[in-house]
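Fold and contact review
Listed below, chain by chain, are the residues.
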Amino acid sequence: MCGFAGFISDKSIRESHEILRNMSIAIEHRGPDDHGFWSSNSEKVHMCFRRLAIVDLSESGHQPMQSFSRRYVLSFNGEIYNHLDLKKKLDTEFPNILWKGSSDTEVLLNMIECYGLSIALKKSIGMFALVLFDEKLNKIYLAQDRFGEKPLYYGWIGSSFVYGSDLASIKEFPDFERIICKQALRLYLNYSYVPAPWSIYKDIFKIKPGQIITLSINTNIRNTSSEYYWKKDEEVVAAKKNLYHSYEEGVNDLDNALQKSINHQMISEVPIGAFLSGGIDSSLAVSLMQENSMSPVKTFTIGFKDKAYDESRFAKSIAKYLHTDHTEAILEPQDMINVIPSIPSVYSEPFADASQIPVFFLSKITSSKVTVALSGDGGDELFAGYNHYFWRKKIWNKVAWAPFLARNFLGKSLESIPVSFFDRLDFLFFSGKQNQSGVLSSEKIMGIAKRLQSIDSEESVYSSLCAAWDDVNMILSDAYRTQSNETLRFSPLQDLSPVENMMSWDLDSYLPGDILTKVDRASMACSLEVRSPFLDASVAKVAWRMPEYFLISGLEGKQPLRTLLNRRIPRTLFERPKAGFSIPLPEWLRTSLNEWASDLLDEESLLAEGIFDASAISQLWHEHLNGSANHAIKLWNIIMFRLWMSENR
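All of the points below concern the structure found in this document. (Residues numbered from 1 in each chain as written. Predicted model: local features only at pLDDT ≥ 70, side-chain atom pairs only at ≥ 80, totals over all residues. Heavy atoms only, no water.)

1. Looking at a negative patch on the surface
- The grouping of E595, D599, D602, E603 and E604 at the surface amounts to a negative patch.
- Counting only elements with at least two residues in the negative patch, the list comes to α26 (594-600) and α27 (603-609).
- Its location among the elements puts D602 in the loop between α26 and α27.
- A relative accessible area of 34% means that D602 is categorised as partly exposed. (Patch = residues over 30% accessible without salt bridge, like charges linked within 9 Å, V, L, I, M, F, W, Y side chains within 5 Å. Areas by Shrake-Rupley, 256 points an atom, 1.4 Å probe, with all protein chains shown as cover. Salt bridge = Lys/Arg side-chain N within 4 Å of Asp/Glu carboxyl O. Lys, Arg positive; Asp, Glu negative; His and termini not counted. Charge placed at Lys NZ, Arg CZ, Asp CG, Glu CD. Helix = DSSP H or I, 4+ residues; strand = E, 2+ residues; numbered from the N terminus. Buried < 20%, exposed > 50% of the residue type's maximum accessible area, 1.4 Å probe, protein only.)

This is the structure we're talking about:
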C-alpha cells in the first residue's frame, strides 16, 4: 500500500527534482515506511513514490521499480493477492528471470515484461492503481483495478502532464491553478462525492475502474488513448446468460469463491485483522478468516453512547461466538465533533458522506494494533443489500399504474404535509424498521415527494433516490448555474431487472465514488491498508450468475450471504433490520455543531465566495434550525465543500 506521483515535462532536471520532493512530501501519509525517486534518461519523465510496506519488507520492494530488462519502470499502489501463483507460472514459463525479492510489485512488473500490460492485469487479482513507463516505446500508461479501490488522478498543467494518488501532490506542481470544475461541483452537491472521471479541479481527472490510459511522449502530450482490460457491463451480461438453476449450487460456489478470496487477502508480512460491525458482510468475512487462522483473528468495532446509533453490542456477540481477539471503542459525540474540522486534510477533494467520521475513528483504532484489515465492502452492491433497492419496489410499483397527472398531484400533496409528521410516524410505503438507522429521513421522503411530480421511469426513480436535490441550481450563483440539473446518467443493461440494474449502477458510481473513497482516504490517513474480499472478480461473477429471486426474499436482500453466515453462526446473532454506519447529523447541526456550521453558512462569506446563492442557503438553514424541515444532507454537502475550500484556496 502506498502513494505515488509524477509528471512529464520539459522543466530542468534541478527544478524537476525539487518538484518531485514536494510532491512526495505531500503524500507522505500514504506511505511512511519508504520513499523513492526516478527520472528518465531523457529527463522528461519523473516519478516519486511513498510506501507502506506490507509484502516483502526488504529493500527489494523499493519503488519506482525497473524491470529486469530495464525497459519498464513501475509505480504501483495496492496489492496483487495472487502474486505467489503468478510467480510460479512465470518461473515455469520463463525460467531465466532473475528475482531481486518477493514483492508483488516485482511479480507484476515481470508479468508486464513477459505478457504485456493488458494481459498481465487480466491475470492479476487485486486492488491497485499504477503508472508504467515504457522506455522503449516512450509511452506512459495509467491503470486502475476492476472496482476502483485505489485512487489515481491525472491531467494537464500548462504543457506538463501530471498524475498522483492524491490531489495534494498535484497541487504542488508549479503554476497549478485551483479552478473549480463547475460540473464536478454540481455533481458533488447532488451525490456527496465527485464521481469519476471528474475531479473537483478543472483539467484534472480520475481514472475509471478497469481502464488503461496511454500517453505517447513523442507526440502532442494531450493526445491520450483509453481502453478497458476489464468491462463490468460485459461481465454482468455474460454472467446473466449462464444463470444458476440451483440455489444450493450457487451458494456453494459462492462459499468456495469467498474462501479463496479470503485466503488470498490474508497473505501479509505484517499484523492483519478485520472490521467487524456485526452486520452480515463483515461477520461473514470474519467467520471465514477465523476458519483459516490458527489464532484468534483481531477484530475491531466502534460504538456510540447514543443507543439509537450503536451496534457495537451485535459485533461483540459475534466476536464472542467466533472467539476473535476483539477491540471495541465507545465514542462520545464530542469525540466525533472534534475531528470534523480536520476532515479536509483526509479527503483531498470535497467529500460529504457523514459516515466518514466513524470510519476514520475505526481506522485509527484498528491501526493501533494491525497494519492490514479486511472489510465487508461490496456485499451490498453485489447481493442486493441496500434499502433503496426495495424503496423502488415500494414507490414505483405503487405509482407506476397512475397517469402522470395523478403522480404529480400526489407529489404536491405530500409536499404540503408538515415535516414533523414524517419524523414521528412510519409513512405510506416505508416500514419503521427501515427507518431505524435514519437512512430514510424526512429529507429523503420530501425529496421523493417532489420527484413524484416528474419521474416517468424506473431509471428516474433511481436517480431520484440518489440525488440530494431536485434542482441543484437553486443554491448556486448565476456563474455556476446551468440550463438543467446536473445528475449522473444511467442506461439500463438489456435483460436485467430494475433491481439488477440499480445494483450495476451502484457498482459504477456509488461504490468507487463514495464507499471505497471513504475507506481508502480514512485508512491511509491512519497508515492502515483495508482489503475487500467481496470485490474479487470470481466472487462478483458468482453473484451475477444468481437470478434476482436468489438474492431477495420479500423485502430482504443478501439471501446467499445469510445462508453462508447461518452455516457458521446462529441466525439470531445477525438477523435484524439493516442499519447504516450513521451519526445523528440532523440533530447535531441544530445543537452541538450549530455555531461551527453557522460560521460556514454565513451569508456574507457565501456572497464573497461567489459560488452559492447566499439567500437560498440561509433559507434552508433557517428551516432546518426551526425544525420545519430536515435539510441535513443538503446542508452537510455545502458545509463540507466550504470547509474544504477554506483549506484549499
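2. What about the sheet that holds strand β14 (residues 298-304)?
- Read across the open sheet, the 5 strands follow the order β15-β14-β13-β16-β17; overall the sheet is parallel. Every other strand in the sheet has two partners, leaving β15 (325-331) and β17 (529-531) as the edge strands with one partner each. Sheet twist, expressed as the average angle between the axes of neighbouring strands with direction ignored, equals 30°.
- Pairing between strand β13 (residues 272-275) and β14: 3 bridges, direction parallel. In the strand pairing of β14, A274 is matched with T299.
- Across the sheet, helix α10 (residues 312-322) touches β14 and β15, and the angle it forms with β15 is around 170°. (Pairing = 2+ DSSP bridges. Axes fitted to C-alpha atoms, helices over the stretch in contact; angles between N-to-C directions. Contact = heavy atoms within 4.5 Å.)

3. As for the pairing of strand β8 (residues 153-157)
- Counting buried positions over the 5 residues of β8 gives 5, a clear majority of the element.
- Side chains Y153, G155 and I157 of β8 all project onto a buried face; the interleaved residues Y154 and W156 project onto the opposite face, where all are buried too.
- Once β8 ends, the chain turns through 2 residues before running back antiparallel as strand β9 (residues 160-164), passing G158 with a positive phi of about 65°.

4. Quick word on the environment of G158
- Tracing the backbone through its elements, the reader meets G158 in the loop between β8 and β9.
- Given a relative accessible area of 55%, G158 falls into the exposed group.
- In the structure, G158 is positioned 19 residues away from E177 in sequence and 9.7 Å away in space, judged by C-alpha atoms.

5. Points about the pattern of salt bridges
- Taken as a whole and assessed by the stated rule, the structure comprises 29 salt bridges.
- With a closest N to O distance of 3.8 Å, E328 and K316 form a salt bridge. Linking E328 in strand β15 with K316 in helix α10, this pair joins segments that are 12 residues apart in sequence.
- E328 gets classed as partly exposed once you look at its relative accessible area, which sits at 30%.
- Here the residues in one salt-bridge network are D255, E291, R567 and R568, joined through shared partners.

6. Some remarks on the packing of aromatic side chains
- By the definition in use, this model includes 25 aromatic pairs.
- Taking 5.4 Å as the distance between ring centres and 85° as the angle between the ring planes, the aromatic pair formed by Y247 and F550 counts as edge-to-face. Of the two residues, Y247 sits in helix α8 (residues 247-265) while F550 sits in helix α23 (residues 548-551), which places them 303 residues apart along the sequence.
- An aromatic cluster is defined as three or more aromatic residues linked by ring pairs; in this entry it consists of F176, Y188, Y201, F612, F641 and W644.
- Over the ring of Y115 we find K123; its NZ or CZ atom is 5.3 Å from the centre of that ring.
- Between the NZ or CZ atom of K634 and the centre of the ring of W469, over which it lies, the distance is 4.9 Å. (Phe/Tyr/Trp six-rings, centres within 6.5 Å; stacked < 30°, edge-to-face > 60°. Lys NZ or Arg CZ within 6 Å of the ring centre and 35° of its normal.)

7. Some details on unusual backbone geometry
- Here the residue pair A196 and P197 is connected by a cis peptide bond, since its omega of 10° sits within 30 degrees of zero.
- Topologically, P197 is positioned in the loop between α6 (182-191) and β10 (204-206).
- Even without glycine at this site, N138 takes up a positive phi of about 55°.
- Of note, N138 is situated in the loop between β6 (126-134) and β7 (139-144).
- Backbone geometry places D495, a non-glycine residue, at a positive phi of 70°.
- With respect to the secondary-structure elements, D495 resides in the loop between α19 (458-466) and α20 (498-508).

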